[in-house]
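Chain and residue survey
Next come the chains, spelled out residue by residue.
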Amino acid sequence: MLGLWISLTFCLHGVLSQFPRVCTTDGALQTKNCCPRWTDGTPCGFRSGRGRCRNGVAFSSLAAGQVPLYNDDRWDWPRYYYDSTCECYGNYGGFDCGDCKHGYFGERCERRKTLVRREIRELSLVDRRRFFSYLALAKTTKSKDYVVLTTGDRHHRDTFRFVDASIYDVFAWMHYFSMKPIMVNSTLDDSKNFAHQGPVFPGWHRMALMFLEREIQRMTGDEDFAFPYYDWRGEQNCSICTNDFMGDNDVQGNLDPYSHFSNWRGICSGYDYPDAYCPVIQEHQMETILRKPGTDPVAARLPSVQDVEDTLQWRDLDTPPYNETATRSFRNALEGFLRPSDGVTLERNMHNLVHMYLGGTMSRVPISSNDPIFIVHHGFVDK
């Protein structure tokens, strides 16, 4: 079983778990086929040489004939929903091979471009405003390609519904969806999830950032857009928690009404319980974004420069038992379950410490991606 789990955690294509709109029709779900026709009229753009429909999921973590002990719908993604998906050729990408792989542009995806992410405080005023305006646009623009899954009862498939969400909310939902407890023979096990507490942690979050970054590029037509990051090493306080950047807040955690994100509400927030998927999807029921940096006495500081240097000393990506108790593990130190200096003592640091320090929405990790400060935090974790 451990071997199966490790295989699954490295299957990044699976854990992102997007639902293409065209693959959530009754017909697509009944036939378990997610090979949409591209503009040339053929599945996956086959006639144009973009890809082909593969019968059998391309990224399977199970050996032939093996029956999983888990009956979670996310296990061995997307086999629960689809038996056929697109396999894209060359530099083509996307669920229908109609897009390019990350870093490639052009009608034939022939142009390779390297974008450099910069520290948010180094952005010019124009670039900073572009970042904020693009986020606002992503938050208010309905995704034309993806929908999100909601149900009040994960044990019964006939209660599952696919609903519209904004581009940003699709991203926030993906993080939430990946973190729900895993269902084992109809029993929920919260000791594992699909994005944290294991080898997948760095890769999953890198892929998630790349997904949203690409969606914003497509939405705006701006090929040169890249997310900034927040270098929090050695900060005495959150210097970007001001209205010029990510927003000031009052003592109750409410963002200042003059900040960029004061009116943002979080998808899947409130009324959360393990055997549901995002039961709250109406705007008026969603919670507003909250933030209370530095008020948690258990997390009253941000990681130091030395913490980062100590984390980088560990050369093994991960070590047995590949969870939050792993010692001398780069991933566990980076994720923040391990003291970076000795690699043995379990403590909150690095990634986890920043979430706890920022408080509010960010401290509730499953829905933390609703706060856009999540992007600049994870941009630095990725760096």
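Keep in mind that what you see is a predicted model, and the values were worked out from it rather than measured.

Rules of the game
- Chains are numbered independently. Their residues run from 1 in the order of the written sequence.
- Owing to the predicted nature of the model, reporting of local features is limited to residues with pLDDT of at least 70; listing and counting of side-chain atom pairs is limited to 80 or more, with chain, interface and lining totals taken over all residues.
- Water and hydrogen atoms play no part in the side-chain values, which are based on all heavy atoms of the structure.
- Pairing between strands requires that DSSP locate at least two bridges from one strand to the other.
- Helix and strand assignments come from DSSP, with helices taken as H or I runs of at least 4 residues and strands as E runs of at least 2, each series counted from the N terminus.
- Between two residues, a contact is recorded if the distance between any of their heavy atoms is within 4.5 Å.
- Inter-axis angles, ranging from 0 to 180 degrees, are taken between N-to-C directions of lines fitted to C-alpha atoms, where helices are fitted over the stretch in contact.
- The cut-offs for exposure are 20% and 50% of the maximum accessible area for each residue type, with area from a 1.4 Å probe on protein chains only; residues under the lower value are buried, those over the upper are exposed, and the others partly exposed.
- For the purposes of these results, a polar contact is taken to be a pair of N or O atoms within 3.5 Å, where, inside protein, one atom must be able to donate a hydrogen and its partner to accept one; residues adjacent in sequence count only when each atom of the pair is a side-chain atom.
- Confidence per residue, as judged by the predictor, is encoded in pLDDT with a range of 0 to 100.
- Throughout this description, any angle smaller than 35 degrees is read as roughly parallel, any larger than 145 degrees as roughly antiparallel, any in the 65 to 115 degree range as roughly perpendicular, and the remainder as oblique.
- Each crossing gets its hand from how the near helix is turned against the far one by less than a right angle, where anticlockwise is left-handed and clockwise is right-handed.
- Gly falls in the polar group here, along with every residue not listed as nonpolar (Ala, Val, Leu, Ile, Met, Phe, Trp, Tyr, Cys, Pro) or charged (Asp, Glu, Lys, Arg).

1. Some details on the sheet that holds strand S10 (residues 161-163)
In sheet architecture, strand pairing relies on hydrogen bonds along the backbone and comes in two forms, parallel and antiparallel. Taking strand neighbours across the sheet as the criterion, the three strands line up as S1-S9-S10 in an open arrangement whose pairing is antiparallel. Here the strands that pair on one side only, and so sit at the sheet edges, are strand S1 (19-20) and S10. By the bridge criterion, two bridges tie S1 to strand S9 (residues 146-150) in an arrangement that is antiparallel. Paired with Pro20 across the bridge in S9 is Tyr146. The strands touched by helix H5 (residues 167-179) within the sheet are S1 and S9, with S9 carrying the most contacts at an inclination of about 40°.

2. Quick notes on the environment of Asp73
For Asp73, the position within the fold is in the loop between strand S3 (51-55) and strand S4 (84-88). On the basis of relative accessibility, which here comes to 5%, the residue Asp73 falls in the buried class. Taking the C-alpha atoms as reference, Asp73 lies 34 Å from Arg315; in sequence the two are 242 residues apart. Beyond its immediate sequence surroundings of up to four residues, Asp73 is in contact with Tyr80, Tyr81, Leu149, Phe160, Phe177 and Tyr277. Within the structure, Asp73 has its side chain in polar contact with the side chain of Tyr277 (distance 2.6 Å).

3. Re the pairing of S4
Relative to S4, strand S2 (residues 33-34) is paired through two bridges, and the arrangement is parallel. Looking across to S4, one finds that Cys34 is bridged to Thr85. Where S3 and S4 come together, five bridges link them in antiparallel fashion. Each residue of the ladder has a partner; that of Arg54, found in S4, is Thr85.

4. So, the sheet that holds S3
With respect to topology, three strands assemble into an open sheet ordered S2-S4-S3, the strand pairing being mixed. Each having just a single partner strand, S2 and S3 make up the two edges of the open sheet.

5. Side note on helix H9 (residues 350-358)
Residues lying three or four places apart along an α-helix face the same way, a consequence of the helix completing one turn every 3.6 residues. By the criterion of burial, H9 is predominantly enclosed, with eight of the nine residues buried. All buried positions along H9 are accounted for by Met350, His351, Asn352, Leu353, Val354, His355, Tyr357 and Leu358. Looking one or two residues past H9, Gly359 carries a phi angle of roughly 65°, positive in sign.

6. With respect to the confidence of the model for the protein chain
Taken as a whole, the protein chain shows an average pLDDT of 91; of its residues, 91% reach a score of 70 or greater. Note on residues 1-15: pLDDT under 50 across the span, and 34 contacts to partners over four residues away in sequence or across chains.

7. What about the packing of helix H6 (residues 201-220) against helix H10 (residues 373-382)?
Packing of H6 against H10 brings their axes to within 10 Å, and their N-to-C directions diverge by 130°. When the axis of H6 is compared with that of H10, the two are oblique. Crossing hand, H6 versus H10: left-handed. Judged by residue contacts, Phe201, His205, Arg206, Leu209 and Leu212 of H6 engage Phe374, Ile375, His378, Gly379, Val381 and Asp382 from H10. Class assignment for the residues of the contact of H6 with H10 results in six nonpolar, three polar and two charged.

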